[in-house]
Amino acid sequence: MNATIDNKVAGALELKDLCKSFGSGLSYTPVLHKAHFEARRGELLMLVGPSGCGKTTLLSILAGTLHADEGEVNVLGHPLHALSESQRTAFRSKHLGFIFQQFNLIPTIDVAENVSVPLLIQGLGNREARRRAVAMLERVGLGKRAHEKPLKLSGGEQQRVAIARALVHNPPLVLCDEPTSALDSENGVAVMELLREAANEPGRTVIVVTHDPRIYHYADRMAEMEDGRIFRVLSGAEEIRTHHPAF
Ligand SMILES: Nc1ncnc2c1ncn2[C@@H]1O[C@H](COP(=O)(O)OP(=O)(O)OP(=O)(O)O)[C@@H](O)[C@H]1O
Ligand SMILES: [Mg+2]
C-alpha cells in the first residue's frame, strides 16, 4: 500500500479547499473560504469559533446535507463531493450519527421509537430495532423511560436520548452541533461523559461544535475557526489550556 492510500485509510476525514457561499446579488454571503479541516479516527475533536463564522455550515457539509461550491470532502474513504444525493443519503444512514443543540426528537412517538429510527432506516424489523434501542437507552441510563414521550423528559434526559439515537447503529462518525448549550452544567457534564466514552471506541471520530469553555477539557484536539477557515489546531489539554486559560 503506498503512503497516499495508507493516509486515506488511517484518516477519518479531510476537507480540502472548501468554499461555500449563500444567496446572490445583495444577499450574497460568502461563508467558507478555502477551509481545510481534518479529523482522525479515535479522537474527540472540538470545533470552536465566533457566532456566524461557519461552524454549522462546515458540519452540514461533513454530514452530506449541504453541498460545497468548491473543494473536496473525503469522509471515511468516501468522496462526498462526488456522490449523488441518494448516495449521500445512503452514506449518512450507515456511517453517521448527528446530535443537535435542540435534541430534535419526534414528540409523537415514544423514546424507544425515537432511538429506533436509524435502525428502521437501515431496514431492521420493528421488534429487533426496539430491542436494540432499549439496550442503548440502558447504556445512557434511561432504560426505564423507554415508553415515555420525549417531552415528559428533562432537557438533559432528552439530550441523552438524542445521543442514544446517534449511537444505536454504531456509526464511525458522530457529529454534534452545540450539544450542551441548552443544558445546565451538571447535564452538560453527563452529555460530554457519554460523548467522551463514544470517542474512546476504536475507529470512531466524534466532532463537537461548541461555544462552551466548561467542556473544552474533553477534547483531544481543538480546531479554531474564524472568517470561514480553520486558523489553528490545538493538540492536548495542555495546549488547549494555554490558549484558553479560562477553562
Ligand atoms: N441557508 C442559509 N442561507 C443563507 N445564509 C446562511 C444559510 N446558512 C447559514 N447562512 C449564513 O452563513 C453564515 C455562517 O452560518 P453558520 O450557521 O454556519 O454559523 P455558526 O458558526 O454555526 O454560528 P453559530 O455559532 O451562531 O451557530 C452566517 O452569516 C449565516 O447567516
Ligand atoms: Mg451554528
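Above: the structure in question.
Nothing here was measured: the structure is a model prediction, and the numbers come from that model.

Basis of the calculations
Residues numbered from 1 in each chain as written. Chains lettered and ligands numbered in written order. Predicted model: local features only at pLDDT ≥ 70, side-chain atom pairs only at ≥ 80, totals over all residues. Heavy atoms only, no water. Near = heavy atom within 4 Å. Helix = DSSP H or I, 4+ residues; strand = E, 2+ residues; numbered from the N terminus. Nonpolar A, V, L, I, M, F, W, Y, C, P; charged D, E, K, R; others polar. Buried < 20%, exposed > 50% of the residue type's maximum accessible area, 1.4 Å probe, protein only. Pairing = 2+ DSSP bridges. Right-handed = clockwise from strand over helix to strand, strands pointing away. Disulfide = S-S within 2.5 Å. Core = buried A, V, L, I, M, F, W, Y, C linked by side-chain atoms within 4.5 Å. Contact = heavy atoms within 4.5 Å. Lys, Arg positive; Asp, Glu negative; His and termini not counted. Salt bridge = Lys/Arg side-chain N within 4 Å of Asp/Glu carboxyl O. Axes fitted to C-alpha atoms, helices over the stretch in contact; angles between N-to-C directions.

1. Things to note about the site of ligand 1
Here comes step 1: Surveying the vicinity of ligand 1 reveals the residues Phe 22, Val 31, Pro 50, Ser 51, Gly 52, Cys 53, Gly 54, Lys 55, Thr 56, Thr 57, Glu 178 and His 211.
Here comes step 2: The dominant element in the shell around ligand 1, judged by the number of residues it contributes, is helix α2 (residues 55–63), at three residues.
Here comes step 3: Class assignment for the residues of the shell around ligand 1 results in four nonpolar, six polar and two charged.

2. What about the pairing of strand β7 (residues 173–177)?
Consecutive side chains of a regular strand alternate in pointing toward one face of the sheet and then the other.
Here comes step 1: With five of its five residues buried, β7 lies for the most part within the structure.
Here comes step 2: The alternating pattern of β7 places Leu 173, Leu 175 and Asp 177 on one face and Val 174 and Cys 176 on the opposite face, and all of these are buried.
Here comes step 3: Bridge count between strand β6 (residues 96–99) and β7: four bridges; the pairing is parallel. In the strand pairing of β7, Phe 98 is matched with Leu 175.
Here comes step 4: Pairing analysis gives five bridges linking β7 to strand β8 (residues 205–209), with the strands arranged parallel. Its bridge partner lying in β8, Val 174 is registered against Val 206.
Here comes step 5: Traced from β7 through helix α7 (residues 185–199) to β8, the parallel crossover comes out right-handed.

3. A closer look at the state of the cysteines
Think of a disulfide as a covalent bridge from one cysteine sulfur atom to another cysteine sulfur atom.
Here comes step 1: As enumerated under the stated definition, the model contains zero disulfides in all.
Here comes step 2: No disulfide involves Cys 53; its nearest neighbouring cysteine sulfur is the one of Cys 19, lying 16 Å away.
Here comes step 3: Residue class for Cys 53 comes out buried when judged on its relative accessible area of 6%.
Here comes step 4: The closest cysteine sulfur to the non-disulfide-bonded Cys 176 is located on Cys 53, 17 Å from its own sulfur.

4. Let's talk about the nonpolar core
Here comes step 1: Counting 43 residues, the largest nonpolar core has Met 46, Leu 137, Leu 195 and Val 208 as the members making the most contacts within it.
Here comes step 2: When contributions to this core are tallied by element, the ones reaching two or more residues are β3 (44–48), α4 (111–121), α5 (126–139), α6 (155–167), β7, α7 and β8.
Here comes step 3: Ignoring anything within four residues of it in the chain, the contact list for Met 46 reads Met 192, Val 208, Thr 210, Ile 215, Tyr 216, Tyr 218, Ala 219, Arg 221, Met 222 and Ala 223.
Here comes step 4: One finds Leu 32, Leu 59, Leu 76 and Val 209 within the second-largest nonpolar core, a separate group that totals 33 residues.

5. Here's the deal with the side chain of Asp 177
Here comes step 1: Position of Asp 177 among the secondary structure elements: in strand β7.
Here comes step 2: We note that Asp 177 is buried and unpaired, the nearest opposite charge coming from Lys 55 at a distance of 7.0 Å.
Here comes step 3: Every residue in contact with Asp 177, bar those within four places of it in the chain, is listed here: Thr 56, Leu 59, Phe 98, Ile 99, Phe 100, Gln 101 and Val 209.

6. Here we look at the sheet that holds β6
Here comes step 1: Taking strand neighbours across the sheet as the criterion, the six strands line up as β6-β7-β8-β3-β9-β10 in an open arrangement whose pairing is mixed. Sheet topology places β6 and β10 (229–235) at the edges, where each strand pairs with a single neighbour. Sheet twist, expressed as the mean angle between neighbouring strand axes with direction ignored, is 20 degrees.
Here comes step 2: Where α2 meets the sheet, it contacts β3, β6, β7, β8 and β9 (221–226), and its direction lies at approximately 155 degrees from that of β7.

7. Observations concerning the environment of Gly 141
Here comes step 1: The topology assignment puts Gly 141 in the loop between α5 and α6.
Here comes step 2: Counting along the chain gives 16 residues from Gly 141 to Glu 157, while the straight-line C-alpha distance between them is 9.0 Å.

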